[in-house]
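Chain by chain, the residues run as shown.
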Amino acid sequence: MLALKIIGGAIVGGAAILGLISLPPSWRKWIIALVTFIAGLFYFLEFVLPESFLTDWLQPVGNALMVISAFALGLGMVNLILIHARNVSQRKPGWYNSLSLLVSMAAMIIFGFWNRYGHSHIVGKIYDVLFNGMLVPLQNTMFSILAFYIVSAAYRAFRIKSLEATLMMIAAVIVMLGQVPIGTWLSQWGWWPKGYKIPEVANWLLTVVNSAAVRGVGFGIAVGAIATSLRIWLSLERGVYFEQIGGGG
Amino acid sequence: MRDLLLRLQNIDRRWLYVTLAIVVTLCLLFPFNLPLYISPQVKSLYDAVERVPKDKIVIVASEWDAGTRGENLPQTRAIMEHLMRRGIKFAILSQYQQGPRLAEAIAEELARKYNKKYGIDWCNWGYKIGGGMMLQALSRNIPKTIEKDIWGTPVEKIPMMAGVKDIRDVGLIVVMSGSAVIDGYIAFIRSVYGTPLGFGCTAVMAPEQYPFLDSGQLVGLLAGLMGAAQYEKLLSSPGRAMRAMNAQSMAHLLIIVLIILGNIGYAMSRGSKR
Amino acid sequence: MSDDVTIWMAAISTFAIYSLLYRENRFFRLFEHIFVGLSVGFIFVTTWTDMLIPKWWEPMTSGKGWSWCWIFAAVIGTLWYFQYSRRHIWLSRVVMGLMMGAGAGMGLKAVFTTYMPQIQASFKPLNSFSNVVFVITLICVMFYFFFSFEQRNPFIRGSSKLGRYFLMVSFGAIFGSTVMARMSLFIERLQFLLTDWIKILD
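### Structural notes on the overall build of chain B
- A tally of helices and strands in chain B yields 11 helices and 6 strands.
- The principal-axis extents of the C-alpha atoms in chain B amount to approximately 75 × 35 × 35 Å.
- A total of 274 residues make up chain B; the buried ones form 60% of that total.
- Considering only contacts in chain B between residues 6 or more positions apart, those separated by 24 or more positions represent 74%.

Now the structure itself:
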């Protein structure tokens, strides 16, 4: 009985999609705008009418939207498979890299599910090699390469040519020294004025000057965010996504 | 000297990479003691954890992945160690796929040290997609939003989740992240329900969080590896973060020296062109 | 040295990526592609096991009340994949619109709940040097971002210029913090190699 209900629901849903497809192209923009508006209206009304009946619906609506967004998981995967499978089948230059990508993806999926739902020591070890032995260190190392690029940039690109650059460098040096023990060590000697130790000065720069400047920038961002949110909610935005809907796009 | 500096202007950058690697390796191999300054923001977070009532749980939002592991892992470890020491129950949550698994490994390691048990002293809610939608749903009804833990156990069957219904049963949320997920926690939980919120972020993000500290929207901040090292010192539990501080100090000095040398060389090269 | 195959694979993976620092090479490219494949596979597995199975499949198949209606979430979810159809791509924009509309509605709430306390906290008593510097910095930085009219008034121009200098100090602080962040990631990798792989550190 349950299976029938689910299958029936799938058929009704499929029929609804077919119905949408058969609608005149001029209706498409309005359907998208209506869906966008209703979705935004729920959260906006929930905000302006606190502790109303809408607040009780936050949890089930949130659950539903979480599940719908989770279904997008295949988007990137499908694209990658299409591109790299084509590389392999047509033996394009570097096709073995594409093959390794597809094989590693398949391996992670197979052993990921097997490890989760199975109880095998060997499978667990293989999964451990894939996750802790390859995925984590590869990602970690990719980000850590930036340390070397910063060294290179500091030597070759950071040039003090103006008052602004000088201010920036002085602040950078104070913060760099203040955030590590060397700054504390340098300013621990008796002749260093009390209350002006490097870490304290760095902390003051961060909590007063930097905090105020970032807040000022944040207020500008907030105004822009309100404008952008309203434009998206009311479908007033223009651009590739928003324009090419009514025709063949 | 002048010729040397001018020639150094065009040095192959790989020599700079080697210099960095040698400096950091030597500092790790031959450690030395340098005093560690405890910033008020780290102390503030430490005090917030100390104030958590024993009848409430803490959410350790492990919103990071392997890319920021170098900074967020020691922070997560330090916070979890503090919670386990105090006997405060906590739940791991993440909007990053790797977060729950990386955090679980830390919790299991600490559980062996403090003799803690999964389900009684901590649990792992796993990966939950949804950003603001998820956080708003979580605030209203935790069991219905989480449903099952990372191992597939229904939340109602986890002993420590008995009596945990909504955000009012949470005494503190500590978010560890290298991205702007904290904005959602501030907007939808802290500012609406007043639940205390702490943040362990990567150092690059730290300057942007100070306005939130100033307004009280964050109760404390761990900035990068340094924040983790300071927290380890407060716990009197030296770990990898504290041991890395020497290397961090020398790396910073190296950068400063290179900036100065680069600018001296640049000024000289401009002078010689004239 | 470690005898754990996981640690050895981690060390090999680390050196594969660091080989790029010497020069572009096939070893790096191979591991780069492996990383992408593993990453996408992992995302797929965790989304299924942590999200779709406990929050969609199991409730839908539980048989309780109207739980079978969760099938409609899957129907809406399939709209994402019309991205690959040139003729019906607009259907994917229905579900995108749903998400973006929800995001925009939440965004309006988020701006107010995030920034109202910030505005409140900006009204500081001018009874200390730090508070005076804070308020002056905030006002000058806000003046700098007034682009909708020409800044002719000398007071506004001067404040705007001062705001620019304060922003430079802030960017310097951000640069200093960025250096710390990047170095920390490299130091962690080196700690792994020396502690877990070669085992010459405790």
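### A closer look at the overall build of chain A
- Along the backbone of chain A there are 12 helices and 0 strands.
- Secondary structure elements of chain A, listed N to C terminal, follow the sequence α-α-α-α-α-α-α-α-α-α-α-α.
- Its C-alpha atoms give chain A principal-axis dimensions of roughly 85 × 55 × 40 Å.
- Of the contacts made within chain A by residues no fewer than 6 positions apart, 34% connect residues no fewer than 24 positions apart.

### Some points on the interface of chain B and chain A
- Residue-level contacts link 44 residues of chain B with 45 residues of chain A.
- Those elements giving two or more residues to the side of chain B that touches chain A turn out to be helix H2 (13–29), helix H4 (69–86), helix H6 (132–140), helix H7 (142–146), helix H9 (210–215) and helix H11 (240–273) of chain B.
- Among the elements that make up the side of chain B that touches chain A, the one with the highest residue count is H11(B) (13 residues).
- Split into classes, the residues belonging to the side of chain B that touches chain A amount to 24 nonpolar, 13 polar and 7 charged.

### What about the domain arrangement of chain B?
- Split by domain assignment, chain B resolves into domain 1 (2–27 + 251–273) and domain 2 (40–238).
- Here the C-alpha centre of domain 2 of chain B lies 41 Å away from the C-alpha centre of domain 1 of chain B.

### Comments concerning helix H11 (residues 198–233) of chain A
- Taking the largest bend as the criterion, H11(A) deviates by roughly 35 degrees, centred on A:Asn210.
- Positive backbone phi, approximately 55 degrees, marks A:Ser235, located one or two places after H11(A).

### Description of the interface of chain C and chain A
- Between chain C and chain A, the residue contacts involve 100 residues of the former and 106 residues of the latter.
- Elements represented by at least two residues in the side of chain C that touches chain A include exactly helix H1 (5–18), helix H2 (26–60), helix H3 (71–78), helix H4 (90–122), helix H5 (129–144) and helix H6 (154–197) of chain C.

### Concerning the domain arrangement of chain A
- According to the domain assignment, chain A contains domain 1 (13–71), domain 2 (77–144) and domain 3 (161–233).
- The C-alpha centroid of domain 2 of chain A is placed 36 Å from the C-alpha centroid of domain 1 of chain A.

### A closer look at the sheet that holds strand E4 (residues 170–177) of chain B
All names here are of chain B.
- One open sheet accounts for 6 strands, arranged E3-E2-E1-E4-E5-E6; its pairing is parallel. Each having just a single partner strand, strand E3 (122–127) and strand E6 (220–223) make up the two edges of the open sheet. Sheet twist, expressed as the mean angle between neighbouring strand axes with direction ignored, is 15 degrees.
- Pairing between strand E2 (residues 90–94) and E3: 4 bridges, direction parallel.

### Comments concerning unusual backbone geometry
Residues and elements named next belong to chain A.
- At arginine 91, a position not held by glycine, the phi torsion is positive, near 50 degrees.
- When you line up the elements, arginine 91 lands in the loop between helix H5 (73–89) and helix H6 (95–117).
- Arginine 91 gets classed as exposed once you count the C-beta atoms within 10 Å, which come to 9.

### Things to note about the environment of C:Val133
- Of note, C:Val133 is situated in helix H5.
- Note on C:Val133: 15 C-beta atoms within 10 Å, which makes it partly exposed.
- Those residues in contact with C:Val133 that sit more than four places away from it in its chain are A:Val208 and A:Val209.

### Thoughts on the confidence of the model for chain A
- Of all residues in chain A, 95% have pLDDT values of 70 or greater, and the mean over the chain is 89.
- With pLDDT under 50 throughout, residues 244–249 of chain A is counted as low confidence; its partners more than four residues away or in other chains account for 12 contacts.

### Quick notes on the nonpolar core
- Counting 212 residues, the largest nonpolar core has A:Leu135, A:Val151, A:Leu205, B:Val58, B:Val60 and B:Ile173 as its most contacted members.
- Those residues in contact with B:Ile173 that lie beyond four places of it in its chain are B:Ile59, B:Ala61, B:Tyr185, B:Ile189, B:Thr195 and B:Leu197.

### Overview of the pairing of strand E5 (residues 197–201) of chain B
Residue and element names in this part refer to chain B.
- Within E5, 5 of the 5 residues are buried, leaving the element largely enclosed by the surrounding structure.
- Side chains of E5 alternate between two faces, with Leu197, Phe199 and Cys201 and Gly198 and Gly200 buried alike.
- In this sheet, E5 lies alongside E4 in parallel orientation, the contact comprising 5 bridges. By the bridge assignment, valine 175 is partnered in E5 with phenylalanine 199.

### With respect to H5(C)
- In this model H5(C) runs 22 Å from its N-terminal to its C-terminal C-alpha over 16 residues, within 8% of the 22 Å that 1.5 Å per residue would give.
- Three or more residues of H5(C) are buried, namely C:Phe134, C:Thr137, C:Leu138, C:Cys140, C:Val141, C:Met142, C:Phe143 and C:Tyr144.
- Tucked into the core, H5(C) has its buried residues touching H11 of chain A together with H4 and H6 of chain C.

About the cut-offs
Residues numbered from 1 in each chain as written. Chains lettered and ligands numbered in written order. Predicted model: local features only at pLDDT ≥ 70, side-chain atom pairs only at ≥ 80, totals over all residues. Helix = DSSP H or I, 4+ residues; strand = E, 2+ residues; numbered from the N terminus. Buried ≥ 20, exposed ≤ 12 C-beta atoms within 10 Å, placed from the backbone. Contact = placed C-beta atoms within 7 Å. Nonpolar A, V, L, I, M, F, W, Y, C, P; charged D, E, K, R; others polar. Domains from an automatic or database assignment. Bend = angle between axes of the 7 residues up to and from the residue. Pairing = 2+ DSSP bridges. Axes fitted to C-alpha atoms, helices over the stretch in contact; angles between N-to-C directions. pLDDT = per-residue confidence, 0-100. Core = buried A, V, L, I, M, F, W, Y, C linked by C-beta atoms within 7 Å. Expected span 1.5 Å × (residues − 1).

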